[in-house]
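# Coordinate analysis (summary)
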Amino acid sequence: MSTVIYTENAPKAIGPYSQAIRVGNLIFTSGQIPLLPETGEMVGKTVSEQTHRVCKNLANVLEAAGSSLQKVIKTTCYLNDMADFGEFNEVYAEYFTSKPARSCVAVKSLPKGALVEIEVIAETE
């Protein structure tokens, strides 16, 4: 059985999906882009600024699910431009200190013109 996860401390879904789903002791988050939870407005003009916001949003979703960034086992990262890979990695490393497995790809575009999007799989125990 699965459980839908929702928190006011992360942006509301901008489509027909949940912030996260819990199945057993695993949390599967939807991709987070750099939106302010309070307003739904885009934050930051640089990959660094946007990555900070994305990671804070993910941390809030995971907290609501009974998990944390330290319990993340897999991330999937989407960049608007692979030239931003180094700058992205600097900020990413501040939040994902447990060094989970990761995929990182460049995509043609992201929702609302975001420069970065991250989704994670985390444990709760």
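All of the points below concern the structure found in this document. Everything numeric here is computed off the predicted structure, so don't read it as measured data. (Residues numbered from 1 in each chain as written. Predicted model: local features only at pLDDT ≥ 70, side-chain atom pairs only at ≥ 80, totals over all residues. Heavy atoms only, no water.)

## Section: the nonpolar core
Put simply, the rule is: Note on terminology: a nonpolar core comprises buried Ala, Val, Leu, Ile, Met, Phe, Trp, Tyr and Cys residues joined through side-chain atoms within 4.5 Å. The rule is simple: take the accessible area with a 1.4 Å probe, protein chains only, and divide by the maximum for that residue type; under 20% is buried, over 50% is exposed, in between is partly exposed. Secondary structure counts use DSSP, requiring at least four H or I residues in a row for a helix and at least two E residues in a row for a strand, with both numbered from the N terminus. The contact rule is simple, with two residues in contact once any of their heavy atoms fall within 4.5 Å.
If you look at the biggest cluster of nonpolar residues, it comprises 26 residues, and the most contacted ones within it are Phe88, Phe96 and Ile118. Mapped by element, the contributors of at least two residues to this core are helix 1 (47–64), strand 4 (72–79), helix 2 (85–95) and strand 6 (116–123). Here the element with the most residues in this core is helix 1; it accounts for 6 residues. Setting aside residues no more than four positions away along its own chain, Phe96 makes contact with Cys55, Leu58, Leu69, Val72, Thr75 and Val120.

## Observations regarding unusual backbone geometry
Look at Lys99: it is not a glycine, yet its phi comes out positive at around 55°. Within the element layout of this structure, Lys99 appears in the loop between helix 2 and strand 5 (101–106). The phi dihedral of Lys112 falls on the positive side, at around 60°, and the residue is not glycine. Looking at where Lys112 falls in the secondary structure, it is placed in the loop between strand 5 and strand 6. The exposed category is assigned to Lys112, whose relative accessible area is 53%.

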